[in-house]
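Residue-level structural notes
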Amino acid sequence: MRAEKRTKKKKRTGLRIFLWSILGIFLILGGIVGYAVFQTKSTMDKIYEPVKDAANPVKLDGQNPFSVLILGIDQREGDVGRSDTTMVATVNGTTNKAQILSIPRDTKTEIIGHDSTNKINAAYAYGGVKMAEDTVTHFLNGIPINYYIKINMEGLKDLVDAVGGVEVYNDMDISLKGKEFKKGTITLNGTDALAYVRIRKTDPRGDFGRQMRQQEVIQAVVNKVATTQTLWNFDEILSAVGKNMQTDLTMTDITRIAKNYISARNNVENMTVAGDGGISDGIWYYNVSDAERQKLHDSLAKNLEIK
């Protein structure tokens, strides 16, 4: 009986930590343990997709800080998709500090490799993960990207349904295409959750409000995974991960992150980009000053221990 309880506890812990790492929420919680090893290795093999000509891997020994680009792709049938969410995470195993920077999708910037200026979310549409990495590095004045995690936002529906729905606190009345979400604690199924994280126009905070809801829903998924009832949904959850995510982190990488950087989870700095919205050539952009870009660079560079 005790052995059975220990097995269930290991299974629950392994699944919880695996999803935290793959979803890019406090990446330093990544790791696979106990019962989950075989199943998660199979999933990791399925979602592993290295970036061509990438030259920034890091020895994940706890001594070397690293960065991860997190892309939430709004990809629908017959469409390559754009990066609906663009975040950069940095983790320092020596100071035990992590940073998560959210870059608004409408941010105006040069698209590296495309010889154009556009919204930063266009980089993925034009050239996939590699162009997105190069463009973000340019926008941040040279901050290197060591790894990436790509999540198909359509797949969030599968993940929420796999855990049996989630409960979140909605801080204002908002709606999307006739679907209303009242202020207060609400329960979301997969379809509702997808609509909830896409709302922008009825939220006065615009993209910032949407980023908050995306993080809130994913956090709720992680919390739900930590409960005992999701033990029986193990295969469904891994299936949702396998169908909707890609990364160039291997299972070995994630295990090393869990071992060598896990303490950084207690010291996470959430960062935003200061700027002003405006119309240029009939298109609305989020404009960021050179001074703000340098400020962001300096903060991220300090945590990465580079200049």
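Residues numbered from 1 in each chain as written. Predicted model: local features only at pLDDT ≥ 70, side-chain atom pairs only at ≥ 80, totals over all residues. Heavy atoms only, no water.

The name an unreviewed UniProt entry assigns to the chain is Cell envelope-related transcriptional attenuator domain-containing protein, from the organism Listeria booriae. Listed under Sequence similarities (unreviewed entry) in UniProt, the entry text for the chain is "Belongs to the LytR/CpsA/Psr (LCP) family." (UniProt positions renumbered as here; feature names shortened; annotations may be inferred.)

Right, let's get into unusual backbone geometry. One non-glycine residue, Asn-96, lies in the positive phi region at around 55°. Even without being a glycine, Asp-115 presents a positive backbone phi close to 55°.

Now for the packing of aromatic side chains. This structure, assessed with the given rule, holds 3 aromatic pairs. Ring plane angle 85° and centroid distance 4.9 Å describe the contact between Phe-66 and Tyr-261, whose orientation is recorded as edge-to-face. Residue Phe-66 is found in strand S1 (residues 66–74), and its partner Tyr-261 is found in helix H8 (residues 251–261); the two are separated by 195 residues along the sequence. Taking the relative accessible area as the measure of exposure, Phe-66 reaches 0% and is therefore buried. (Phe/Tyr/Trp six-rings, centres within 6.5 Å; stacked < 30°, edge-to-face > 60°. Helix = DSSP H or I, 4+ residues; strand = E, 2+ residues; numbered from the N terminus. Buried < 20%, exposed > 50% of the residue type's maximum accessible area, 1.4 Å probe, protein only.)

So, about the nonpolar core. Grouped burial of nonpolar side chains is what soluble globular proteins tend to show. Counting residues in hydrophobic clusters, the biggest one holds 47 residues, and the most contacted among them are Phe-66, Val-166, Val-168, Phe-181, Leu-188, Tyr-196 and Val-217. Apart from residues no more than four positions distant in its own chain, Leu-188 is found in contact with Val-160, Gly-165, Val-166, Val-168, Phe-181, Ala-193, Tyr-196 and Val-217. Counting 25 residues, the second largest nonpolar core, distinct from the first, contains Leu-69, Val-136, Leu-140 and Tyr-286. (Core = buried A, V, L, I, M, F, W, Y, C linked by side-chain atoms within 4.5 Å. Contact = heavy atoms within 4.5 Å.)

Below, the discussion takes up the side chain of Ser-67. Mapped onto the elements, Ser-67 comes out in strand S1. Residue class for Ser-67 comes out buried when judged on its relative accessible area of 0%. Those residues in contact with Ser-67 that lie beyond four places of it in its chain are Ala-89, Thr-90, Pro-144, Ile-145, Asn-146, Tyr-147 and Leu-304.

When we look at burial in H8, the residues that qualify are Met-251, Asp-253, Ile-254, Ile-257, Ala-258 and Tyr-261. Along the axis of H8, the buried residues cluster in a sector spanning 165°; they form a single face. (Arc of directions from axis to C-beta.)

With 8 of its 9 residues buried, helix H5 (residues 190–198) lies for the most part within the structure. Among the residues of H5, Gly-190, Asp-192, Ala-193, Leu-194, Ala-195, Tyr-196, Val-197 and Arg-198 are the ones counted as buried. Capping the start of H5 is the job of one residue whose side-chain oxygen sits 3.2 Å from the backbone nitrogen of Thr-191: Asn-189. (Polar contact = N/O pair within 3.5 Å; in protein donor to acceptor, adjacent residues only side chain to side chain.)

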